[in-house]
Amino acid sequence: MTESPATSPTALPGLPPGAADPCVHCGFCLPTCASYRVLASEMDSPRGRIHALRAIEAGELELDATVASHFDTCLGCYACVSACPSGVRYDQLIEATRPKLNQANLRSSWQISFRQLLLQVLPYPSRLRALLQPLRAYSGTPLQTLARRSGLTRLFGPGIEAMEQLLPPLSAETFNDCLPLINPATSPYRGRVALLLGCVQRCFDPSVSTATVRVLQANGFEVVIPQDQGCCGAVSHHQGELELTRQLAADLVASMNSIEGDLDAVLVAASGCGHTMKAYGEILGDQEQFKAPVQDVQEFLADQGLSDDFRDRLQALPTTVAMHDACHMIHGQGIQAQPRQLLRAIPEIQLREAMEAGVCCGSAGIYNLVQPDEAAELGRIKANDLTQTGASVVASANIGCTLQLRHHLGERAQVHHPMELLSASAGLHQLPGLQERVGLTEIAGEGQDR
């Protein structure tokens, strides 16, 4: 006798058939789950959410605002997927569930409006820059310190306060894309790649793109940067806004494919972006895809190998560096060894490992803005874990993680992208504070202030 859809465990409504079937409620996911870590609630764990989905499918539970809130606490870090011994595809389940959470009756009017505001600003660099312009005289100044110490920022509500706490000093590069379309190789030619600038990264940490381009050039790669490129859609993808994600993805594909000539790869220096771009086959379906494979820049360089010319110019970096594995890097893309392989090429560097490398820092797209209390606790846990390594530098390859870690680490450690460390060691890039402390020198005519 064939089971009816109402009772079949493979027929969760609108979800991938069979994705939850292997779950035997063993609990191996619980220690790795960031939301369970801070909330200690079964409903705020992968196991609890799978149970809820099954109950909804069976008509035993209604997807109301209370139930939806337990799905909203999920960071989408996918640590549970790595930990699950039964192969449960929780990543597919939560991605298919998120669009259902955008129904008007499942969140408060403020939650809906705040999310809409973020999705109307963050994926659009021109809009974000316009919003940031009035803050140039505030960020990184004594005025910002005074506002925080006085408690003034708390008057605007937890979401706005969380945004202000993550606001970094704004440089001139925040407001202009300084890299040209064509960045020729500066050592024997090995290939040609395109580079994503990102949306939040190009505004809040443009130094990463500059460093990445210089490392690639010095390794023999021509780097092409389309001037009209926009957001990859990662921010909206993490929020289940599929229509906006498809539009942003299609526009980015068109921008990258407008490059004349062949490409060896489309490279990304932010793991959240890379994870989403590697999923374009599912997001865009039969629509046009990139004409070259998408790779994280560390993945690409580890595959290609650092050139002999580049290795010869690397200067000693006698400092300790703790690796921070972004969730969409280690769990989403399976990239863990490559960043360490590249950094070990730097003479005298000492790599340190955190005790809980696979646990999320609390950034998770816009999670630290829409769930600020949970995210703040996770940020404190991660910062303490990294501090216990004794490292003076933390290597982070995702802009959301970087902003989160800089806020919670404070002066305990500097946070830099691995490409910045490689570029600084090669004398191509300045990292104020770090370079003076370890005695790195800049190659005349090739460095540039951050």
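## Overview of the overall build of the protein
Working step 1: If you tally the helices and strands in the protein, you get 24 helices and 9 strands.
Working step 2: The C-alpha atoms of the protein give a radius of gyration of 22 Å, which matches the 22 Å a tight globule of 450 residues would have.
Working step 3: Once the C-alpha set of the protein is aligned to its principal axes, its extents read approximately 75 × 55 × 40 Å.
Working step 4: Going through the 450 residues of the protein one by one, you find that 56% of them count as buried.
Working step 5: Of the contacts formed within the protein by residues at least 6 apart in sequence, a portion of 74% connects residues at least 24 apart.
Working step 6: Approximately 18700 Å² of the protein is accessible, and the part contributed by carbon and sulfur atoms is 53%.
Working step 7: Across the protein, the mean location of the 33 positive side-chain charges is 5 Å away from that of the 47 negative side-chain charges.

## Some words on the sheet that holds strand β2 (residues 191–195)
Working step 1: Within the open sheet, the 5 strands sit side by side as β1-β3-β2-β4-β5. Their pairing is mixed. Bordering the open sheet on either side are β1 (182–183) and β5 (294–296), each of which pairs with just one other strand.

## Structural notes on helix α6 (residues 109–121)
Working step 1: When the terminal C-alpha atoms of α6 are compared, their 18 Å separation across 13 residues agrees well with the 18 Å that a helix rising 1.5 Å per residue should span.
Working step 2: Within α6, the full set of buried residues consists of Phe114, Arg115, Leu118, Leu119 and Val121.
Working step 3: Looking at the buried positions of α6, the neighbouring elements they touch are α3 (65–72), α7 (125–132), α9 (158–166), α12 (234–238), α13 (242–257) and α20 (367–370).

## Looking at the packing of helix α2 (residues 46–57) against helix α5 (residues 90–97)
Working step 1: Relative to each other, α2 and α5 sit at 55°, their axes nearing to 11 Å. With respect to each other, α2 and α5 are oriented oblique. As for how α2 packs across α5, the hand of that crossing is left-handed. For the pair formed by α2 and α5, the contact residues are Pro46, Arg49, Ile50 and Leu53 on the first element and Tyr90, Leu93 and Thr97 on the second.
Working step 2: Partitioning the contact of α2 with α5 into residue classes produces 5 nonpolar, 1 polar and 1 charged.

Calculation criteria
- Residues numbered from 1 in each chain as written.
- Predicted model: local features only at pLDDT ≥ 70, side-chain atom pairs only at ≥ 80, totals over all residues.
- Heavy atoms only, no water.
- Helix = DSSP H or I, 4+ residues; strand = E, 2+ residues; numbered from the N terminus.
- Rg over C-alpha atoms; globule rule 2.2 N^0.38 Å.
- Buried < 20%, exposed > 50% of the residue type's maximum accessible area, 1.4 Å probe, protein only.
- Contact = heavy atoms within 4.5 Å.
- Areas by Shrake-Rupley, 256 points an atom, 1.4 Å probe, with all protein chains shown as cover.
- Lys, Arg positive; Asp, Glu negative; His and termini not counted.
- Charge placed at Lys NZ, Arg CZ, Asp CG, Glu CD.
- Pairing = 2+ DSSP bridges.
- Expected span 1.5 Å × (residues − 1).
- Axes fitted to C-alpha atoms, helices over the stretch in contact; angles between N-to-C directions.
- Parallel < 35°, antiparallel > 145°, perpendicular 65-115°, else oblique.
- Left-handed = near helix turned anticlockwise from the far one by under 90°.
- Nonpolar A, V, L, I, M, F, W, Y, C, P; charged D, E, K, R; others polar.

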